[in-house]
Amino acid sequence: QVQLVESGGGLVQAGDSLRLSCAASGRTFSSYNMGWFRQAPGKEREFVAAIRWSTLTTYYAGSVKGRFTTSRDNTKNTVYLQMNSLKPEDTAVYYCAAGGSAGWGPVSPGAYAYWGQGTQVTVSS
């Protein structure tokens, strides 16, 4: 069982940066692949970024590649999403998620068993 709590969201202006954190409870955090998703009002939840636990390989949606970076610190049971050069279209509720290795694919929400409650990111123009 893994419980996830996101933090770090807020209201910023276009071009600013934010760093989201996702703190996990559970002794096996280091063996979970971690993902970030976002959902804007009236839209479906979409993949943003992910990091594989074994190789630390990262994956990014095309819309954020080059601007966002995900990382993890297994000693702190925390995964991060550094967001730079934010745009108004990045406005959404951001969720972190944890998924096991069996059959895992980074972009599918169904591949993640555990989800946080979400944190709001609002980017004004």
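In what follows, the structure referred to is the one given above.
Residues numbered from 1 in each chain as written. Predicted model: local features only at pLDDT ≥ 70, side-chain atom pairs only at ≥ 80, totals over all residues. Heavy atoms only, no water.

## Thoughts on the overall build of the chain
- Check the secondary structure of the chain and you find zero helices and 11 strands.
- The helix and strand sequence of the chain, counted from the amino end, reads β-β-β-β-β-β-β-β-β-β-β.
- In summary, the chain has a C-alpha radius of gyration of 13 Å against a globular reference of 14 Å for 125 residues, a match within 12%.
- Overall size of the chain, expressed as C-alpha extent along the three principal axes, is 40 × 25 × 25 Å.
- Within the chain, buried positions represent 42% of all 125 residues.
- Within the chain, contacts between residues at least 6 apart in sequence are counted, and of these 58% link residues at least 24 apart. (Helix = DSSP H or I, 4+ residues; strand = E, 2+ residues; numbered from the N terminus. Rg over C-alpha atoms; globule rule 2.2 N^0.38 Å. Buried < 20%, exposed > 50% of the residue type's maximum accessible area, 1.4 Å probe, protein only. Contact = heavy atoms within 4.5 Å.)

## Observations regarding the side chain of R67
- Take R67: it is sitting in the loop between strand 6 (58-60) and strand 7 (68-73).
- A polar atom in the side chain of R67 sits 2.9 Å from the backbone oxygen of S63.
- Beyond its immediate stretch of four places on either side in the chain, R67 contacts Q82, M83, N84, S85, L86, K87 and D90. (Polar contact = N/O pair within 3.5 Å; in protein donor to acceptor, adjacent residues only side chain to side chain.)

## Let's talk about the nonpolar core
- Within the largest apolar cluster, 36 residues are counted, with the highest numbers of intra-cluster contacts made by L4, M34, L81, M83 and Y94.
- Among the secondary structure elements, those contributing two or more residues to this core are strand 3 (18-25), strand 4 (33-39), strand 5 (46-51), strand 8 (78-83), strand 9 (92-99) and strand 11 (119-124).
- Not counting chain neighbours up to four residues away, the residues in contact with L81 comprise L18, R19, L20, W36, V48, A49, F68, T69, T70 and Y94. (Core = buried A, V, L, I, M, F, W, Y, C linked by side-chain atoms within 4.5 Å.)

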